[in-house]
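Descriptive analysis of the structure
Listed below are the residues making up each chain.
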Amino acid sequence: MNRKIVLLFLSLALLSTSHAQTLTVSGAVSKPLVLEASALKAMTHADVRGKDHDGKEHRYSGIPLVDLLKRAGAPMGSELRGKNLTRYVVVKAADGYEAVFALPELDPEFATRTIILADSVDGAALTATTGPYRIVVPDEKKQARWVRGVTVIDVRIAN
Ligand SMILES: Nc1nc2c(c(=O)[nH]1)N[C@H]1C(S)=C(S)[C@@H](COP(=O)(O)O)O[C@H]1N2
Ligand SMILES: [Mo]
């Protein structure tokens, strides 16, 4: 009986931690990060509008990828030139899905659109199948890089 109660509490604890997904920024950065949900929530959010896979426009809120990369010490802004232009990020998801972005796509000195790590859509938290974090790429004709369930942002250097 006691063992059953202990097992019940253990499984409840596991269930609750599986929702508290962390985000890792790793690879070719000077300050690799593992961010808890509370740390991500506290970062400055930006709103973007984007058409989802069903063609419906939604308002997404999230952290611009550039801010996460700067916080991890990736070269952005004035440092984004020369050999640093060969850097790119691999965004990884819980289901193994991956998509690549070049750093200039994420830097406001290059890009006209803001690519975010969204944590809400139309004012509501993302669902378990989509979130807790999803990449939103405004003004892209396909949603293939709107990675759901993002767990890792890995910075790499080409060649
Ligand atoms: N983690 C993960 N994200 C993903 C995918 C996937 O298989 N796994 N598929 C991508 C593709 S090809 C599309 S078209 C969109 C679909 O978005 P939806 O789930 O909102 O319809 O999610 C993208 N993000
Ligand atoms: Mo797709």
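Heads up: these notes are all about the structure in this document. Since we're looking at a predicted model, the values are computed, not measured.

To continue, consider the overall build of the protein. Secondary structure assignment for the protein yields 4 helices and 10 strands. N-terminal to C-terminal, the α/β element order of the protein is α-β-β-α-β-β-α-β-β-α-β-β-β-β. Out of the 159 residues belonging to the protein, those deemed buried represent 42%. Put simply, 58% of the contacts in the protein that link residues at least 6 apart link residues at least 24 apart. Total accessible area on the protein stands at roughly 9200 Å², and carbon and sulfur atoms take up 56% of it.

L68, L69 and I135 are the most contacted members of the largest nonpolar core, which totals 38 residues. For this core, the element with the highest residue contribution is helix α3 (residues 65-71), accounting for 4 residues. In this structure L69 touches V25, A74, M76, V89, L103, L106, I153 and V155, once residues within four positions along its chain are discounted.

A word on the packing of aromatic side chains. Working definition: an aromatic ring pair is given by the centre-to-centre distance plus the angle between the planes. This model, assessed by the stated rule, comprises 1 aromatic pair. For the ring pair Y60 and W146, a centre distance of 5.4 Å and an interplane angle of 90° mean the geometry is edge-to-face. Placement of the pair is Y60 in strand β4 (residues 57-64) and W146 in the loop between β9 (134-136) and β10 (150-157), with a sequence separation of 86 residues. Since its relative accessible area comes to 3%, W146 is described here as buried.

Residues in close proximity to ligand 1 include H53, A93, D95, Y97, R134, Q143, A144, W146, V147 and R148, which together make up its full environment. Here an oxygen atom of ligand 1 and a side-chain polar atom of R134 are 2.9 Å apart. Contacts to ligand 1 include R148, whose side-chain N or O atom sits 2.5 Å from an oxygen atom. A breakdown of the residues in the shell around ligand 1 according to their chemical character gives 5 nonpolar, 2 polar and 3 charged.

Moving on, we come to the environment of K83. Examined against the element boundaries, K83 turns out to sit in the loop between α3 and β5 (87-93). Through-space distance from the C-alpha of K83 to that of A158 is 9.4 Å; in sequence the pair is 75 residues apart.

This part is about the environment of E98. Residue position: E98 is located in strand β6 (residues 98-102). Judged by relative accessible area, which is 46%, E98 ranks as partly exposed. It is 9.0 Å that separates the C-alpha atoms of E98 and V150, two residues lying 52 residues apart in sequence.

As for its placement among the helices and strands, R145 is situated in the loop between β9 and β10. A polar contact of 3.0 Å, which involves the side chain of R145, links it to the backbone oxygen of V100. Non-local contacts of R145, meaning those with residues more than four positions away in its chain, are made with A99, V100, F101, E105, R113, I135, V137 and E140.

On to the pairing of strand β7 (residues 116-121). Side-chain positions along a regular strand alternate between the two faces of the sheet. Among the 6 residues that make up β7, 5 are buried, leaving the element largely enclosed by the rest of the structure. With 5 bridges joining them, β4 and β7 adopt antiparallel strand pairing. Paired with S61 across the bridge in β7 is S120. Where β7 meets β9, 3 bridges bridge the pair, whose relative direction is antiparallel. Counterpart to L117 in the pairing with β9 is I135. Connecting β7 to the next strand, strand β8 (residues 124-125), in antiparallel fashion are 2 residues, including D122 with a positive phi near 50°.

Cut-off values and rules
- Residues numbered from 1 in each chain as written.
- Chains lettered and ligands numbered in written order.
- Predicted model: local features only at pLDDT ≥ 70, side-chain atom pairs only at ≥ 80, totals over all residues.
- Heavy atoms only, no water.
- Helix = DSSP H or I, 4+ residues; strand = E, 2+ residues; numbered from the N terminus.
- Buried < 20%, exposed > 50% of the residue type's maximum accessible area, 1.4 Å probe, protein only.
- Contact = heavy atoms within 4.5 Å.
- Areas by Shrake-Rupley, 256 points an atom, 1.4 Å probe, with all protein chains shown as cover.
- Core = buried A, V, L, I, M, F, W, Y, C linked by side-chain atoms within 4.5 Å.
- Phe/Tyr/Trp six-rings, centres within 6.5 Å; stacked < 30°, edge-to-face > 60°.
- Near = heavy atom within 4 Å.
- Polar contact = N/O pair within 3.5 Å; in protein donor to acceptor, adjacent residues only side chain to side chain.
- Nonpolar A, V, L, I, M, F, W, Y, C, P; charged D, E, K, R; others polar.
- Pairing = 2+ DSSP bridges.

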